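Secondary and tertiary structure notes
Letter by letter, the chains look like this.
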Amino acid sequence: MATLNNERTVAALLDREGTTFAEEAGITLADKPAPLYQMLVLATLLSARISSGVAVGATRELFRAGYRTPQRMTEATWQDRVDALARGHYRRYQERTATMLGDAAQHCQDRWHGDLRRLHREADGDVERLRGLLAEFPGIGPTGADIFLREVQAVWPDIAPFADAKVADGAERLHLPRSADDLAGLVSTAQLPKLAGALVRVARDRRAADAVLREAQD
């Protein structure tokens, strides 16, 4: 049996779980207004106490309905948003979430003119400032802000490496270093969101973590 080491563990982790939540939701992240807003929507849905699969599926339904920009989200009626969330099986929270999505889209237009790059520039590389500005969006809060930053760090490299407590929990489960800087030494900058997302998945699923460790040891 091979000796377990960080490189083998990360390779096995990315092989098994290395899809970002943005990719899963059909978002091609770029430093542009539409995909950044789409990531904000996904972060909102992932923040609820509901499975990530349901949150991703409901996000895809919102996008399928055409609500890919803050303007289109505010043009939709509350019932339109409720119906899209229900089609994605986001039924436990759909009414409250439909309201938050509308309010957040309006805030995006009013405060940032529909362009989250303005928010990024205002924070000027200060991650805590970014977290605070993101938490001003209804439905985001600290958890949603961390989800958003985990995913966008490849297109906002001035905030990289970013790893929140959930990422650190996944790293500990795989006997990897917990700190963002140490984790960043194991992958390229472009792979940081994949690594972060994969570590979140194993933090939530002990069986997934065990499968990664078995593969790393083979």
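Here goes a summary of the coordinates provided. Values in this document were obtained by computation on a predicted structure and should not be read as measured data. (Residues numbered from 1 in each chain as written. Predicted model: local features only at pLDDT ≥ 70, side-chain atom pairs only at ≥ 80, totals over all residues. Heavy atoms only, no water.)

1. Observations concerning empty space enclosed by the protein
Over the atoms, a rolling probe the size of a water molecule traces out where space has been left empty. Evaluation of the coordinates by the stated rule reveals one cavity of 30 Å³ or more. For the largest cavity, the calculated volume is near 60 Å³. Lining the largest cavity are Gln153, Pro161, Phe162, Ala163, Val167, Ala180, Leu183, Ala184, Leu192, Leu195, Ala196 and Leu199. Residue assignment for the lining of the largest cavity shows that the elements contributing at least two residues are α12 (180-184) and α13 (192-204). Tallying contributions element by element places α13 first for the lining of the largest cavity, with four residues. Its residues assigned to classes, the lining of the largest cavity shows eleven nonpolar, one polar and no charged. (1 Å grid on protein atoms, 1.4 Å probe; cavity = no way out; pocket = protein on both sides within 12 Å on 5 of 7 lines; lining within 4 Å. Points joined across faces, edges and corners; volume = space filled by probe spheres on them. Helix = DSSP H or I, 4+ residues; strand = E, 2+ residues; numbered from the N terminus. Nonpolar A, V, L, I, M, F, W, Y, C, P; charged D, E, K, R; others polar.)

2. A closer look at the layout of surface pockets
Taken as a whole, the largest pocket spans an internal volume of roughly 380 Å³. Taken together, 22 residues form the lining of the largest pocket, with Leu46, Ser52, Arg150, Lys166 and Arg204 sitting closest to its centre. Counting residues per element, the ones that place at least two in the lining of the largest pocket are α4 (52-64), α10 (141-152), α11 (165-173) and α13. The leading source of residues in the lining of the largest pocket is α10, at five residues. Residue classes in the lining of the largest pocket are distributed as nine nonpolar, four polar and nine charged.

3. As for the environment of Ile159
As for its placement among the helices and strands, Ile159 is situated in the loop between α10 and α11. For Ile159, a relative accessible area of 3% translates into the label buried. Linking Ile159 and Asp124, residues 35 residues apart in sequence, is a C-alpha distance of 9.6 Å. The contacts of Ile159, once residues within four sequence positions are left out, are Val127, Leu130, Leu149, Val152 and Gln153. (Buried < 20%, exposed > 50% of the residue type's maximum accessible area, 1.4 Å probe, protein only. Contact = heavy atoms within 4.5 Å.)

4. Brief notes about helix α7 (residues 94-112)
Here α7 spans 26 Å end to end across 19 residues, near enough to the 27 Å set by a 1.5 Å rise per residue. Here α7 has its buried residues at Gln94, Thr97, Ala98, Met100, Leu101, Gly102, Ala104, Ala105, His107, Cys108 and Trp112. On the buried face of α7, the contacting elements are α3 (33-46), α4, α5 (70-75), α6 (78-87), α8 (116-123) and α9 (127-134). Downstream of α7 by a residue or two, His113 has a phi angle that is positive, lying close to 55°. (Expected span 1.5 Å × (residues − 1).)

5. Comments concerning helix α14 (residues 206-217)
Owing to its 3.6 residues per turn, the α-helix brings residues three or four apart onto one side. Its twelve residues give α14 an end-to-end C-alpha distance of 17 Å, which sits within 8% of 16 Å, the value for a rise of 1.5 Å per residue. Along α14, the positions that sit buried rather than exposed are Ala208, Ala209, Ala211, Val212, Leu213 and Ala216. Those residues of α14 that are buried are in contact with α1 (6-17), α11 and α13. In this structure Asp205 caps α14, since a side-chain oxygen of it lies 3.0 Å from the backbone nitrogen of Arg207. (Polar contact = N/O pair within 3.5 Å; in protein donor to acceptor, adjacent residues only side chain to side chain.)

6. Re unusual backbone geometry
A cis amide bond links Ala160 with the next residue in sequence, Pro161, at an omega value of 0°. On the secondary structure map, Pro161 appears in the loop between α10 and α11. Here the phi dihedral of His89 falls at roughly 65°; this positive angle occurs in a residue that is not glycine. Its identity as a non-glycine residue notwithstanding, His113 has a phi of 55°, on the positive side. Looking at where His113 falls in the secondary structure, it is placed in the loop between α7 and α8.

No statement about biological role is implied by the geometric values presented.
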